[in-house]
Amino acid sequence: MLTFIGLGLYDERSITVEGREALRDADRAFAERYTSHLVGASMADLEAHHGTPIEVRGREGVERDPEPILAAADGGEVAFLTAGDTMISTTHVDLRLRAHDRGIDTRVIHGVTAQTAASALTGLQNYRFGRATTLPFPYAHGADGLPESVTAPIADNRERGLHTVVYLDIKVGEEARRSPNVTGGDGDGAEELAEYMTADVAASLLAAAYPEVVGVAVARAGSPDPLVVAAPLAELADREFGDPLHLLVIPGKCHPIEADGLVSLAGADRGDLDTV
């Protein structure tokens, strides 16, 4: 059995009870940290809390060389861990399908994800979100300006009056080592090396195309001190939002109750909002 377990949003306690039991019962546990990361807990914290050794696999070790994971699941109970929900944004369908091809049973134990947290913390209604996108670091895509993978979903959603979740780039381990903004991380410390795009950096990148558009910065969702701030993107670019993880929401046309939520929960200026 290969069990995909979402760890939730913040620390070692964010996992569901079902996920915790499955992890503690597993013969082996693997984790990846390149799609997202629990900033409130280290891998050592997770291992200590659950009493289970956890083997970290990089992108290459999951997407191109999953054999150690599959071989272990072929002969025992294996847990595969990701932050958030293991099949929402941090998608590992390919690994699940490879397991099915080998006759390995799989199951998914869901965790709280940033998509639902963004709706809950901002007051924006979940069913009024359109397609999400991820904003990469400029050095990661190598093009001038914003890539179409970012602008197209935002433009399409805005035309339809829908909200957009903009996930912010994360580079961990070897990916972070290639960043021009990160130094160090040699030897055993390479695994812990990480670079997180912050909401102010993201807002400055988006403001070049949408200076007057309102954005909502969501910082540390799932932690004891989440922060939610709504303002035009050009203003968010000059703010600081503290420790990661961050994401941005670009609201579409707001229902009056959604507008009330952004004003009360995120400090929005009602005059800046586009309402139905």
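1. A look at the sheet that holds strand E11 (residues 227–232)
In a beta sheet, neighbouring strands pair by backbone hydrogen bonds and run either parallel or antiparallel.
Alright, step 1. On the basis of which strands lie adjacent, the open sheet formed by 5 strands has the order E6-E7-E12-E10-E11 and mixed pairing. Each edge of the open sheet carries a strand with a single partner, namely strand E6 (133–135) and E11. Averaged over all neighbouring strand pairs, the angle between strand axes comes to 25°, with direction disregarded.
Alright, step 2. Alignment of strand E10 (residues 214–219) against E11, held across 6 bridges, turns out to be antiparallel. Its bridge partner being in E11, Ala219 is matched across the sheet by Leu227.
Alright, step 3. Contacts between helix H6 (residues 114–122) and the sheet are confined to strand E7 (164–168), E10, E11 and strand E12 (246–250), with E7 contributing the most and set at about 120° to the helix.
Alright, step 4. Sitting on the sheet, helix H10 (residues 199–207) touches E6, E7, E10 and E12, and the angle it makes with E12 is about 35°.

2. What about the nonpolar core?
Alright, step 1. By size, the foremost hydrophobic cluster in this structure holds 23 residues, and its most contacted members are Leu135, Leu206, Leu233, Leu236 and Leu248.
Alright, step 2. Elements with a contribution of two residues or more to this core: helix H8 (148–159), E7, H10, E10, E11, helix H11 (233–236) and E12.
Alright, step 3. Here this core takes 5 residues from H10, the largest share from any one element.

3. Thoughts on unusual backbone geometry
Alright, step 1. Cis geometry is adopted by the peptide bond preceding Leu245, which originates at Pro244 and carries an omega value of 5°.
Alright, step 2. For Leu245, the location among the structural elements is in the loop between H11 and E12.
Alright, step 3. Of note, the phi angle at Arg220 is positive, near 60°, even though the residue is not glycine.
Alright, step 4. Looking at the element boundaries, Arg220 is found in the loop between E10 and E11.
Alright, step 5. With relative accessibility at 11%, the residue Arg220 sits in the buried group.

4. Quick word on the side chain of Glu12
Alright, step 1. Note that Glu12 resides in the loop between strand E1 (2–6) and helix H1 (17–25).
Alright, step 2. Sequence-distant contacts of Glu12, defined by excluding residues within four places in its chain, comprise Gly40, Ala41, Asp45, Leu46, His49 and His50.

5. Thoughts on the sheet that holds strand E4 (residues 78–82)
Alright, step 1. If you trace the 5 strands from one edge of the open sheet to the other, you get E3-E2-E4-E1-E5, paired in parallel fashion. The open sheet has two edge strands with one neighbour each: strand E3 (55–56) and strand E5 (106–109).
Alright, step 2. Sheet topology places strand E2 (residues 28–31) next to E4; 4 bridges connect them, and they run parallel. Each bridged residue has a counterpart across the sheet, and for Ala31 the counterpart in E4 is Leu81.
Alright, step 3. The strands touched by helix H4 (residues 67–74) are E1, E2 and E4; relative to E2, the strand with the most contacts, the crossing angle is about 155°.

Rules used throughout
- Residues numbered from 1 in each chain as written.
- Predicted model: local features only at pLDDT ≥ 70, side-chain atom pairs only at ≥ 80, totals over all residues.
- Heavy atoms only, no water.
- Pairing = 2+ DSSP bridges.
- Helix = DSSP H or I, 4+ residues; strand = E, 2+ residues; numbered from the N terminus.
- Axes fitted to C-alpha atoms, helices over the stretch in contact; angles between N-to-C directions.
- Contact = heavy atoms within 4.5 Å.
- Core = buried A, V, L, I, M, F, W, Y, C linked by side-chain atoms within 4.5 Å.
- Buried < 20%, exposed > 50% of the residue type's maximum accessible area, 1.4 Å probe, protein only.

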